[in-house]
Amino acid sequence: MKKPLNPVVCPLHAPSVIDSSIAPAQKTDMAENTIKAEKEQRQVCILVAEDDDAMRSVLVNTLNRYGYKVFEISDSKNLRMFLKDLALSAEKRTYPRVDLIVSDIRMPGRTALELLSDFKKVAKEVPVVLITAFSDAKTQRKAMNLGAAAVFDKPFDVSDLKAVLFKLVPLV
């Protein structure tokens, strides 16, 4: 006769067991520790799409230092593939889930502005921050009308970017 398998339950999501021998203050501490562990387990992920290797490297390293997990894309072709991937169910995706996108506007192929409207159709809850070396008032307006959360002109102060990112997707 086979033994029944014991299910493996993630301790962070295991059902609560009420134990009357635990003091209320201890229960509160235990609950706070569980919440803290859940928050630490899930790191905020940012996609950086930038065709300039040096700029992409600076952005990736800076965001990593701030505590974000960073996924990078170097061209509009891969950015387009990423956007198509977002439309798939979670188990079929090949790219990671992201909480925010930082993208250069002008990359070879299609611009981020051309892709932004498509992106907002499949993931309107994910903020997009655009960066560009070729900005004008018309481009800024178009980006904001298409759903960009912010637009930065290169060169920009990374502390300004940090402030916007922390506001859009705060680290826990």
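A short tour of the structure in this document, coming up. Here the residue index of a chain counts from 1 through its sequence in written order. In view of the model being predicted, local features appear only for residues whose pLDDT reaches at least 70, and side-chain atom pairs are presented and counted only at 80 or more, with totals across whole chains, interfaces and linings using the full set of residues. To obtain the side-chain values, all non-hydrogen atoms of the structure were used and water was disregarded.

As for the overall build of the protein chain
Threshold: Strands are runs of DSSP state E lasting at least 2 residues, helices are runs of H or I lasting at least 4, and numbering of each runs from the N terminus. Contacts were defined at the residue level, with two residues in contact if any of their heavy atoms lie within 4.5 Å. Throughout, the Shrake-Rupley method with a 1.4 Å probe supplies accessible areas, and for residues the shown protein chains are the sole cover considered.
Scanning the protein chain for helices and strands turns up six helices and five strands. Along the protein chain, helices and strands appear, N-terminal first, in the series α-β-α-β-α-β-α-β-α-β-α. In the protein chain, the share of contacts with a sequence separation of at least 24, taken over all contacts with a separation of at least 6, comes to 63%. Here the protein chain has roughly 11100 Å² of accessible surface; of this, 56% comes from carbon and sulfur atoms.

Some words on the environment of Arg 141
Inclusion rule: Throughout, exposure labels follow a simple rule: accessible area from a 1.4 Å probe, protein chains only, divided by the maximum for the residue type, with under 20% read as buried, over 50% as exposed, and the rest as partly exposed.
As for its position among the elements, Arg 141 is in helix α5 (residues 137-145). The class of Arg 141 is exposed, set by a relative accessible area of 52%. C-alpha separation for the pair Arg 141 and Val 151, spaced 10 residues apart in sequence, amounts to 9.5 Å.

Describing the packing of helix α2 (residues 53-66) against helix α6 (residues 158-168)
When two helices pack together, their arrangement is given by the angle between the helix axes and the distance between those axes. Convention followed: Whenever a helix is involved, its axis is fitted only over the stretch in contact; in every case the axis is a line through C-alpha atoms, and angles between N-to-C directions fall within 0 to 180 degrees. Between 65 and 115 degrees an angle is taken as roughly perpendicular, under 35 as roughly parallel, over 145 as roughly antiparallel, and anywhere else as oblique. Left-handed describes a crossing whose near helix is turned anticlockwise from the far helix by less than a right angle; the clockwise case is right-handed. Ten residues, namely Ala, Val, Leu, Ile, Met, Phe, Trp, Tyr, Cys and Pro, are considered nonpolar, four, namely Asp, Glu, Lys and Arg, are considered charged, and the remaining ones, Gly among them, are considered polar.
Between α2 and α6, the least distance of the axes is 11 Å, while the angle of their chain directions is 55°. One finds that α2 runs oblique with respect to α6. Crossing of α2 against α6: the hand is right-handed. Contacts between α2 and α6 involve Leu 59, Thr 62, Leu 63 and Tyr 66 from the first element and Val 158, Ser 159, Leu 161, Lys 162, Leu 165 and Phe 166 from the second. Along the lines of polarity and charge, the residues of the contact of α2 with α6 split into seven nonpolar, two polar and one charged.

Describing the sheet that holds strand β4 (residues 128-132)
Strand pairing within a sheet occurs via backbone hydrogen bonds; the two strands may be parallel or antiparallel. To keep it simple, the criterion reads: Paired strands are those between which DSSP finds at least two bridges.
Read from one edge of the open sheet, five strands run β2-β1-β3-β4-β5, paired in parallel fashion. The open sheet has two edge strands, β2 (69-73) and β5 (150-153), and neither has a second partner. On average, each strand axis in the sheet is tilted by 20° relative to the strand beside it, whichever way the strands run. Pairing analysis gives four bridges linking β4 to β5, with the strands arranged parallel. Opposite Leu 130, over in β5, you have Val 151 as the bridge partner. Each of β1 (45-49), β2 and β3 (100-104) is contacted by helix α3 (residues 76-86), which is oriented at about 120° to β2, the strand it contacts most.

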